[in-house]
Amino acid sequence: MTPNPFAQERLLFAPATPDADAIPTIFAFPNEYTVGITSLGYQIVWATLAVRSDIEVSRLFTDIREQLPRHPELLGFSLSWELDYVNILNLLESLEIPIWASQRTDNHPIVFGGGPVFTANPEPFADFFDVILLGDGEHLIDNFIDACKEVRTADRKTKLRHLAQFPGVYVPSLYEVTYLDAAEGIKSIQPVDSGIPSMVEKQTYRGNTLSASTVVTEKAAWENIYMVEVVRSCPEMCRFCLASYLTLPFRTASLEDSLIPAIDRGLAVTNRLGLLGASVTQHPEFEALLDHLNHPKYDGVRLSLSSVRTNTVTVKLAEILTNRDSKSVTIAVESGSDRLRQIVNKKLTNEEIIQAAINAKAGGLKGIKLYGMAGIPGEEMEDLEETVAMMRAIRKAAPGLRLTLGCSTFVPKSHTPFQWFGVNKDAEKRLKFLDKELRKLGLEFRPESYNWSVIQGLLSKGDRRLSRLLELVRHYGDTLGSYRRAFKELRGQLPEIDFYVFQEWELDQVLPWSHLKGPLPEATLKKHLAEAMSHKTRQPNQKCENSLSPV
């Protein structure tokens, strides 16, 4: 008999005993337990709900569930990956809840969603949700629950209008989208009346105590890992990067008041520690944190870091990681081309990348994983050749070090300066070029699927008209072919896929998320875009020029 995974959890918080009239709530992750329980965001929100005595929360995954209430009043989803939307629809149906928000009655729970996908662009999924929470959950989830309690006995319409008054609480049905034409873009997005805010602003937590795991379990995708968030956002602001632009400003956890106490709490129940953040090594006290973790009392601890900035890969860092059972380090380089790195604002040189590899080897690490990107705006074949040359130079400088280049296709993201671009149709050929050339060198190349990047681009820039398409895709089997079939069936009712994925959008057009306010105003994003494009032209000693503009 398979052991109950919930029984194997070691909690690092004390759940409350629910009051007699506690709100029955289901909090779901639309994937298997082993994936969902590894999500730090899911863990934090679940614990936030579980410590409230006015909430009785049950967890739901695609493969396992806790005892669920017969009549839930709230049903929440945490979405980390766009393509998991299919599982949201499946779970709704399994609970006998209409997938369309417009078909729900007072007898159904308020269905809400949160997480990075929804905060970036919730519109393709808007018609499935009553409420979407935009931004950091630290205060937002508690404020949302308090607002729900104020109208607990009201009818559904009253509840939604009340919730829409709170910062970061987005009620899609209270915003009307009009289109220029069935096959064109958006004309306007307006609240249904003057009693609804015209803009919904993403909520930002600004404290210096960041997140840490609330549960440790051997059933997590990263077995028995205890995760600590060291930084949030990233000061580098690469022009394509959602993890930087959407989560601004850059925040760091206090070393003495937050990080060290959190680490000690976790290591009391496990010996595996993960330090998380978009740029962990840029914490201002990272050296002191390393020194702390190098203390003999942490002997036997397995330490892993998320992606680190290249010029912070020192011999000392490599030695400590080696002593803490790490085999490699991961850095994002984007390209071997200085010109492309200027376009994306990647403040990095090939010399620094090579030195990072030398330091990694000198410190005892066995490998280095680099992440690049194909189809970056302004990219030419010469830039790809420079990436191959960079990999060749790294191998020569650090012989014996295992080199891996992972490579994705550029996908435009909302609230970034590159949100007006499209996916490059030549990116698939360019991935194949890199694969061929790096194989010749005997180097490992791990490209992400170009076709699924196209679908990611569709969801990244989609509007509400995609909700019907997504429901059809699920009906047809959730394959790449399903998207083609669904677009064909809905022809004339929404734009072709090219409009969403490949076209460069006009700078003055209404974006699907124009009514959702991110950290930076659109004027600032346009300024950053102009700065990026000022580097697009090759200098006289370079081979090519390519006119590229999003207008």
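This is a predicted model, so every value here is computed, not measured.

1. Quick look at the overall build of the chain
Here's step 1: Looking only at helices and strands, the chain has 19 helices and 21 strands in total.
Here's step 2: For 551 residues, the compact-globule estimate of 2.2 N^0.38 gives 24 Å, and the chain sits close to it at 24 Å.
Here's step 3: The principal-axis extents of the C-alpha atoms in the chain amount to approximately 70 × 60 × 45 Å.
Here's step 4: The burial tally for the chain puts 56% of its 551 residues in the buried class.
Here's step 5: Across the chain, contacts joining residues at least 24 apart in sequence account for 74% of those joining residues at least 6 apart.

2. Considerations on the packing of aromatic side chains
Here's step 1: Under the counting rule described, the total for this entry stands at 21 aromatic pairs.
Here's step 2: The interplanar angle of 75 degrees and the centroid separation of 6.1 Å between the aromatic rings of Phe-29 and Trp-81 together place this pair among those described as edge-to-face. Of this pair, Phe-29 sits in the loop between β2 (23–28) and α1 (33–36) while Trp-81 sits in the loop between β4 (74–78) and α3 (85–94), placing them 52 residues apart in sequence.
Here's step 3: Through a chain of ring-to-ring contacts, three or more aromatic side chains come together here, namely Phe-6, Phe-27, Phe-29, Tyr-33, Tyr-42, Phe-61 and Trp-81.
Here's step 4: In this arrangement the basic side chain of Lys-461 is found over the ring face of Trp-505, its NZ or CZ atom lying 3.9 Å from the centre.

3. A word on the pattern of salt bridges
Here's step 1: Throughout the structure, instances matching the rule amount to 40 salt bridges.
Here's step 2: Put simply, Arg-402 and Glu-444 hold a salt bridge, and the shortest N to O gap is 2.7 Å. With Arg-402 in strand β19 (residues 402–409) and Glu-444 in strand β20 (residues 444–447), this residue pair connects regions lying 42 residues apart in the sequence.
Here's step 3: Put simply, Arg-491 and Glu-496 hold a salt bridge, and the shortest N to O gap is 3.2 Å.
Here's step 4: In this structure Glu-496 comes out as partly exposed when scored by relative accessible area, which is 38%.
Here's step 5: Here the residues in one salt-bridge network are Arg-52, Asp-54, Asp-142, Asp-146 and Lys-149, joined through shared partners.

4. Section: the sheet that holds strand β12 (residues 225–229)
Within a sheet, each strand pairs with its neighbour through backbone hydrogen bonds, oriented either parallel or antiparallel.
Here's step 1: The parallel open sheet is built from 3 strands, whose spatial order is β12-β15-β16. This sheet does not close on itself; its edge strands, each paired only once, are β12 and β16 (302–305). Put simply, the sheet's adjacent strands are angled 20 degrees from each other on average, direction ignored.

5. Points about the packing of helix α13 (residues 381–397) against helix α14 (residues 427–440)
Here's step 1: The geometry of α13 relative to α14 is characterised by a closest axis approach of 10 Å and an angle of 30 degrees between their N-to-C directions. Classed by the angle they form, the pair α13 and α14 counts as roughly parallel. As α13 runs across α14, the sense of the crossing is right-handed. Of α14, the residues touching α13 (which contributes Met-381, Leu-384, Glu-385, Thr-387, Val-388 and Met-391) are Arg-430, Phe-433, Leu-434, Glu-437 and Leu-438.

6. Remarks on unusual backbone geometry
Here's step 1: Leu-248 connects to Pro-249 through a cis peptide bond whose omega is 0 degrees.
Here's step 2: Considering the arrangement of structural elements, one finds Pro-249 in the loop between α7 (242–245) and β14 (251–252).
Here's step 3: In this structure, Met-237 takes a positive phi of about 55 degrees despite not being glycine.
Here's step 4: Looking at where Met-237 falls in the secondary structure, it is placed in the loop between β13 (231–232) and α7.
Here's step 5: With a relative accessible area of 18%, Met-237 lands in the buried category.

7. A look at the pairing of strand β15 (residues 272–276)
Here's step 1: In terms of burial, β15 is a largely internal element, 4 of the 5 residues being buried.
Here's step 2: Two elements, β15 and β16, share 4 bridges in a ladder whose sense is parallel. Directly across from Leu-275, in β16, lies its bridge partner Leu-305.
Here's step 3: Each parallel crossover has a hand, and for β15 linked through helix α9 (residues 286–293) to β16 it is right-handed.

8. Digging into the pairing of strand β8 (residues 175–179)
Here's step 1: Pairing geometry for β8 and strand β9 (residues 186–191), over 5 bridges, is antiparallel. By the bridge assignment, Glu-176 is partnered in β9 with Gln-190.
Here's step 2: Two successive antiparallel strands, β8 and β9, enclose a turn made up of 6 residues.

9. Let's talk about the environment of Ala-393
Here's step 1: Looking at the secondary structure, you find Ala-393 in helix α13.
Here's step 2: On the basis of relative accessible area, Ala-393 is assigned to the partly exposed category, the value being 30%.
Here's step 3: Considering only alpha carbons, one finds Ala-393 and Val-313, 80 residues apart in sequence, at a separation of 18 Å.

10. A closer look at the UniProt feature "domain: Radical SAM core" (unreviewed entry) in the chain
Here's step 1: Following the UniProt record, one finds the feature "domain: Radical SAM core" (unreviewed entry) at residues 220–444.
Here's step 2: End C-alpha atoms of residues 220–444 are separated by 28 Å, and the span's content is 38% helix alongside 19% strand.

11. What about helix α6 (residues 156–163)?
Here's step 1: Inspection of α6 places Arg-156, Lys-159, Leu-160 and Leu-163 among the buried residues, and these make up the whole buried set. Within α6, the buried residues cover an arc of 95 degrees as seen down the axis, which keeps them to one side.
Here's step 2: Tucked inside the fold, the buried residues of α6 contact β5 (110–114), β6 (131–133), α5 (137–150) and β7 (169–170).
Here's step 3: The N-terminus of α6 is capped by Asp-155, whose side-chain oxygen sits 3.1 Å from the backbone nitrogen of Lys-157.

12. Side note on the nonpolar core
Here's step 1: Of all hydrophobic cores here, the largest spans 171 residues; its most connected members are Val-131, Phe-144, Leu-273, Leu-275, Leu-370 and Leu-469.
Here's step 2: When residues no more than four places from it in sequence are discounted, the contact partners of Leu-273 are Ile-225, Tyr-226, Val-228, Ile-263, Leu-267, Leu-293, Val-301, Arg-302, Leu-303 and Ser-304.

13. A look at the confidence of the model for the chain
Here's step 1: Confidence in the prediction of the chain, expressed as mean pLDDT, is 94, and 97% of residues score 70 or more.
Here's step 2: In this model residues 540–551 is a low-confidence stretch, pLDDT under 50, and it forms 30 contacts with partners more than four residues away in sequence or in other chains.

Cut-off values and rules
- Residue numbering note: each chain is counted from 1, following its sequence as written.
- Per-residue local features of the predicted model are confined to residues with pLDDT of at least 70, and side-chain atom pairs are confined, for both listing and counting, to 80 or more; whole-chain, interface and lining totals are unaffected and use all residues.
- Heavy atoms throughout the structure, all of them, feed into the side-chain values; hydrogens and water do not.
- Secondary structure follows DSSP: runs of H or I at least 4 residues long count as helices, runs of E at least 2 residues long count as strands, and numbering of each begins at the N terminus.
- Radius of gyration: over C-alpha atoms. The globule rule applied is 2.2 Å multiplied by the number of residues raised to the 0.38 power.
- With a 1.4 Å probe rolled over the protein chains alone, any residue whose accessible area is under 20% of its type maximum counts as buried; one over 50% counts as exposed, and the rest are partly exposed.
- Throughout, a residue-residue contact means that at least one pair of heavy atoms, one from each residue, lies within 4.5 Å.
- Two aromatic rings from Phe, Tyr or Trp, using only the six-membered ring of Trp, form a pair when their centres are within 6.5 Å; if the ring planes differ by under 30 degrees the pair is stacked, by over 60 it is edge-to-face, and anything between is tilted.
- The criterion is that NZ of a Lys, or CZ of an Arg, lies within 6 Å of the ring centre and within 35 degrees of the ring normal, and then a charge sits over that ring.
- By convention in these notes, a salt bridge is any Lys or Arg side-chain nitrogen within 4 Å of a carboxyl oxygen on Asp or Glu.
- Strands pair, by our definition, only if DSSP identifies at least two bridges between them.
- In this analysis, axes come from line fits to C-alpha atoms, helices being fitted only over the stretch in contact, and the angle between any two N-to-C directions falls in the range 0 to 180 degrees.
- Roughly parallel means an angle under 35 degrees; roughly antiparallel means over 145; roughly perpendicular covers 65 to 115; every other angle is labelled oblique.
- By definition, turning the near helix anticlockwise from the far helix through less than a right angle yields a left-handed crossing, and turning it clockwise yields a right-handed one.
- A right-handed crossover is one whose linking path, passing over the helix from the first strand to the second, runs clockwise when the strands point away from the viewer.
- UniProt positions are given in the numbering used here, feature names are shortened, and annotations may be inferred rather than shown by experiment.
- Of all possible arcs, the one meant is that of the directions from the helix axis to the C-beta atoms.
- Here a polar contact means two N or O atoms within 3.5 Å. Within protein one must be a hydrogen donor candidate and the other an acceptor candidate, and residues neighboring in sequence count only if both atoms are side-chain atoms.
- Nonpolar core, defined: a set of buried Ala, Val, Leu, Ile, Met, Phe, Trp, Tyr and Cys residues in which side-chain atoms within 4.5 Å join the residues together.
- Per residue, pLDDT measures the predictor's confidence, with a range of 0 to 100.

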